[in-house]
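Chain by chain, the residues run as shown.
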Amino acid sequence: MAGNNKTTLRTKGNPRIALAGNPNSGKTTLFNAITGAHHKVGNYPGVTVEKREGSRVRGETSYHFIDLPGIYSLTAYSIDEVVARDFILDEKPDVIVDVLDSTNLERNLYLCLQFQELGIPVIGALNISDEAESRGIFIDDKQLTLTLGIPLIKTVGPKGLGVDELLDCIDHAGEQAFSGRRLNYGDEIESQLETIESAIAADSAFAAKYPVRWLAVKLIEKDSNAYERLQEHPQAEKIETLARDAVAWIEKHFGKDAEIIISEQRYGYIRGAVKESVRIIREPDFSVTEAVDRFIMNRFLSLPVFVLVLWGVFQLTFLLGQYPMDWLESFFGFLSEAILNTMPDTLLRSLLVDGIIGGVGGVLSFVPLIVILFFLLSILEDVGYMSRAAFATDKLLHSFGLHGQSIFPMMLGFGCSVPAIMASRTLKSPRDRIITILITPMMSCGAKLPVHVLLAAAFFPANAGTMVMFIYAIGVILSLCCAFILKKTVLKGDPTPFVMELPPYRAPTLRGILWHVGEKTWLYVKKAGTIILASAILIWAITSFPAYEPPPGTSGGEAEDSVRNVEAALEHSYAGQLGKFIVPIFRPMGFGWKLAAASVTGFAAKEVIVSTLGILYRVGTEETEESEGLRDAIRSDPEMNPLAAFVFMLFTLIIPPCFAALATVRAEIGWKWLGFELVFLLCLGWLLCTIVYQLGSLAGLGALL
Ligand SMILES: Nc1nc2c(ncn2[C@@H]2O[C@H](COP(=O)(O)OP(=O)(O)OP(=O)(O)O)[C@@H](O)[C@H]2O)c(=O)[nH]1
Ligand SMILES: [Mg+2]
């Protein structure tokens, strides 16, 4: 057992240290401070949903740290909790650093007691100690160390305070005796535990694999996973009978559920320990969190406030993004013109201007918008608004058969579907989780935003912002309706109850936000320089070949002839032929062949839609009016009208997300659901868009809008 091992970790090579603890206690912040990583931190429970690894070298020791998702107990319900529990049980780290939220010590120590039953050295990091102190909570760490029998270090994650002491402590973790310091559940329960423990310990191979004490307690707690693990024991049946008899005896004796008795014993012990070592020097005079929550968490106001917050985020994105976006557009316009004026009319010039600048430049112009959107969404996450949003929308989501927690993936979906889909791991019911994953792509992501902005600006210049917001709102309403339908048909079941803590409001850490936004922007730019560049070149090539010979007498230089020739050349090209081949499927939605082609190329990544439109509408513009904007070019397409533009935005919103998001859907819920999602979204997109276009045309909206 670890307690008998007197070698220090420094001599043991590369120790593996798990950072575990309650959700939102600051594990990732501490992990980042120790290892220099920049993983996502947020002020709500469930930010980390998979384990992350990193290392720190000090002297000759390389410390291998593992940041785990937050858990309240070693009995796991949701997938992120299972990840944390399984890592601790199956991979057996050398040390567990239990990251404790000092402002919530009683609840956090509940898990700590369970860690102590594992026979692995435990160190407590009294994190968020700054906030505790400013709230007048003083923790006597020396006294608490004596009571709990584990070393405790005060830390402040964002400032990296206490990290060195923590590493020193890890060095000496192997020197302590742990077997004796465990909670005594009282004579009656202990005698039952003893019988079970000795029966489990009879098989030494099994006992080496699973901590005997922990398993015995979990069997009394009726943890189904513990019973599953017990099946590996050669005497599983006998021990299971022993455990069930013990549970029956305890429940009869105490007149309560065995799990409740165990948790009461733990809390009783914790209360005693906290009473001895925590002093609340003064009540805080004024709590910002309470004052703000009294207003925005008001029963009547919370939902309108939520809508207002989201509306504010998008309005601010457009308002602030407009200027730099225009500058970038002008810059690319200038660049095209410079090339047109200096280079001879060759294929290379066409590739540069029409293919690369028209395709990639169009996508890059939207970078400011993406930066601002991610920045604002990150602030909401960091300030602590996400949990409030979950409360505000809980009732509404419930009426659509969704779980209150589904709001996290949905809101993250406004940024990028990939992390949003992963975030649904925190949902406990598999059904709720599958539904949430299936509807998340309908939340319009950052990559779809450029498409909406482009078309809204081209066809609804007076109300572009409102139009984009309208599309976002349709995404939300559609996803709720789809959740409702799924819940009533393929995924029947009642929503599980919703319990969540509200973290205090915290000032966002600018460094963290900038890093996160910088990373997302870099990914966007990188995508523009790789996938989008490659597809732009490909699309340019299929729009430029085979070469087109204008009929004699029409190449005299007349502007009208020239436009006609360019159009004819496009239609003659492979892209044109392909577009015309597939256009019958898209016609009912009001799309011409160019929109049809852009919809298809958008399958890989939504940004490609903008670059395809950029190429299809820019090809040859140098021969007509000088550097006509893409917006104007689309608007002057005789096949386009405002209704078709609106339907195209709707179609982009609904059709399956990019390959990366689809791969995440597959990884999370498998091929079957991926297939379902693809068919579902394609059929829904086509049907709905056809209905809207046909009805809109009947009502004469095409011309009116
Ligand atoms: N004041 C203060 N805030 C902290 C401290 N450590 C973390 N935080 C904040 O607490 C919040 C949660 O931090 P995370 O590191 O994401 O917490 P986590 O334990 O990894 O959370 P999950 O991954 O959701 O389980 C963030 O807003 C952090 O900025 C601390 O020592 N002091
Ligand atoms: Mg985390």
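Residues numbered from 1 in each chain as written. Chains lettered and ligands numbered in written order. Predicted model: local features only at pLDDT ≥ 70, side-chain atom pairs only at ≥ 80, totals over all residues. Heavy atoms only, no water.

A. Inspection of the site of ligand 1 at higher detail. Around ligand 1, a shell composed of 24 residues is seen, among which K27, T28, T29, V47 and T48 lie nearest. A distance of 3.1 Å separates an oxygen atom of ligand 1 from a polar backbone atom of S25. I128 places a main-chain nitrogen or oxygen 3.1 Å from an oxygen atom of ligand 1. Considered on its own, ligand 1 offers 650 Å² of accessible surface; in the complex 95% of this is hidden by protein. Top contributing element to the shell around ligand 1 by residue count: helix 1 (residues 27-35), with three residues. Residue classes in the shell around ligand 1 are distributed as eight nonpolar, 12 polar and four charged. (Near = heavy atom within 4 Å. Polar contact = N/O pair within 3.5 Å; in protein donor to acceptor, adjacent residues only side chain to side chain. Areas by Shrake-Rupley, 256 points an atom, 1.4 Å probe, with all protein chains shown as cover. Helix = DSSP H or I, 4+ residues; strand = E, 2+ residues; numbered from the N terminus. Nonpolar A, V, L, I, M, F, W, Y, C, P; charged D, E, K, R; others polar.)

B. The sheet that holds strand 3 (residues 61-67), seen in detail. If you trace the six strands from one edge of the open sheet to the other, you get 2-3-1-4-5-7, paired in mixed fashion. The open sheet has two edge strands with one neighbour each: strand 2 (52-58) and strand 7 (152-154). On average, each strand axis in the sheet is inclined to that of its neighbour by 25°, with strand direction left out of account. Relative to the sheet, helix 5 (residues 141-148) contacts strand 5 (122-127) and strand 7, its axis offset from that of strand 7 by approximately 155°. (Pairing = 2+ DSSP bridges. Axes fitted to C-alpha atoms, helices over the stretch in contact; angles between N-to-C directions. Contact = heavy atoms within 4.5 Å.)

C. Structural context of the confidence of the model for the protein chain. When pLDDT is averaged across the protein chain, the result is 88; 92% of the residues are at 70 or more. Taken together, the stretch residues 1-7 has pLDDT below 50 and engages in 13 contacts with residues farther than four places along the chain or on a different chain. pLDDT under 50 marks residues 622-628. Its contacts with residues more than four places away, or in other chains, come to 12 contacts. (pLDDT = per-residue confidence, 0-100.)

D. Seen up close, the packing of aromatic side chains. Applying the stated criterion across every chain yields a total of 17 aromatic pairs. Judged by centre distance (5.6 Å) and plane angle (55°), the rings of F414 and Y472 are tilted. A residue pair is termed long-range when its members are at least 10 positions apart, and F414 in the loop between helix 18 (407-412) and helix 19 (417-423) and Y472 in helix 22 (residues 464-488) qualify at 58 residues. You can call F414 buried: its relative accessible area is 3%. Taking 5.9 Å as the distance between ring centres and 20° as the angle between the ring planes, the aromatic pair formed by F470 and F646 counts as stacked. Residue F470 is found in helix 22, and its partner F646 is found in helix 30 (residues 642-654); the two are separated by 176 residues along the sequence. With a relative accessible area of 10%, F646 lands in the buried category. Among the aromatic residues, those joined into a ring-pair cluster are F586, F591, F648 and F651. Residue placement shows K594 over the ring face of Y617; its charged tip is 4.5 Å from the ring centre. (Phe/Tyr/Trp six-rings, centres within 6.5 Å; stacked < 30°, edge-to-face > 60°. Buried < 20%, exposed > 50% of the residue type's maximum accessible area, 1.4 Å probe, protein only. Lys NZ or Arg CZ within 6 Å of the ring centre and 35° of its normal.)

E. Quick look at the pairing of strand 2. The sheet contact formed by strand 2 and strand 3 spans seven bridges and is antiparallel. Within the sheet, the bridge partner assigned to R56 lies in strand 3 and is Y63. Between strand 2 and the antiparallel strand that follows it, strand 3, lie two residues; G59 among them carries a positive phi value of about 60°.

F. Quick peek at the coordination of the magnesium ion (ligand 2). Taken together, the protein donors to the magnesium ion (ligand 2) comprise T28 (OG1) and T48 (OG1), at separations of 1.9 to 2.0 Å. Of the two residues, T28 sits in helix 1 while T48 sits in the loop between helix 1 and strand 2, which places them 20 residues apart along the sequence. In this pair, the class of T28 matches that of T48, namely buried. (Donors = N, O, S within 2.8 Å, 3.2 Å for Na, K, Ca; no water.)

G. The arrangement of helix 2 (residues 79-91) in detail. A rise of 1.5 Å per residue sets the reference length of helix 2, with its 13 residues, at 18 Å; its end C-alpha atoms lie 17 Å apart and thus fit the reference within 8%. Of the positions making up helix 2, those classed as buried are D80, E81, A84, R85, F87, I88 and L89. In the segment just after helix 2, K92 is the residue with positive phi, at about 40°. (Expected span 1.5 Å × (residues − 1).)

H. Local environment of the layout of surface pockets. Taken as a whole, the second largest pocket encloses approximately 1000 Å³ of empty space. Lining the second largest pocket are 42 residues, with C416, V418, P419, K520 and L523 sitting closest to its centre. Elements with a minimum of two residues in the lining of the second largest pocket: helix 16 (367-383), helix 18, helix 19, helix 23 (510-529) and helix 31 (659-698). A per-element tally of the lining of the second largest pocket places helix 23 first, with seven residues. (1 Å grid on protein atoms, 1.4 Å probe; cavity = no way out; pocket = protein on both sides within 12 Å on 5 of 7 lines; lining within 4 Å. Points joined across faces, edges and corners; volume = space filled by probe spheres on them.)

I. Local environment of empty space enclosed by the protein. This model, assessed by the stated rule, comprises two cavities of 30 Å³ or more. Estimates place the volume of the largest cavity at around 50 Å³. Residue lining of the largest cavity: S102, L126, S129, A132, E133, I137, F138, I139 and K154, and that is the complete set. Looking at the lining of the largest cavity, the elements that each hand over two or more residues are helix 4 (129-134) and strand 6 (137-139). Its volume calculated, the second largest cavity comes out at about 30 Å³. Considering the residues around the second largest cavity, the lining is formed by L377, E381, M386, M411 and L412. Of all elements in the fold, only helix 16 and helix 18 reach the threshold of two or more residues within the lining of the second largest cavity. Looking at the lining of the second largest cavity residue by residue, the classes come out as four nonpolar, no polar and one charged.

J. Representation of the packing of helix 14 (residues 302-342) against helix 16 in the model. As a packed pair, helix 14 and helix 16 sit with axes 7 Å apart at the nearest point and diverge in direction by 150°. Between helix 14 and helix 16, the crossing angle belongs to the class labelled roughly antiparallel. As helix 14 runs across helix 16, the sense of the crossing is right-handed. Together, V309, V313, F314, L316, T317, F318, L320, G321, P324, M325 and L328 of helix 14 and P368, L369, I372, L373, L376, L377 and L380 of helix 16 make up the contact between the two elements. (Parallel < 35°, antiparallel > 145°, perpendicular 65-115°, else oblique. Left-handed = near helix turned anticlockwise from the far one by under 90°.)

K. Quick peek at unusual backbone geometry. Cis peptide bonds are those with omega within 30 degrees of zero, and the linkage from F545 to P546 qualifies with -10°. Among the secondary structure elements, P546 is positioned in the loop between helix 24 (531-544) and helix 25 (559-572). A positive phi angle, close to 55°, is found at I128, a residue other than glycine. On the accessibility criterion, I128 (9% relative accessible area) is buried.

L. Region of interest: the environment of V309. Take V309: it is sitting in helix 14. Assessed through its relative accessible area of 23%, V309 is described here as partly exposed. Separated by 161 residues in sequence, V309 and F470 place their C-alpha atoms 15 Å apart.

M. Region of the structure containing helix 28 (residues 607-618). Its 12 residues place the ends of helix 28 17 Å apart at the C-alpha level, agreeing with the 16 Å of an ideal helix rising 1.5 Å per residue. Of all 12 residues making up helix 28, 11 are buried, and the element is well covered by its neighbours. Looking at helix 28, one finds that the buried residues are E607, V608, I609, V610, S611, T612, L613, G614, I615, L616 and Y617.

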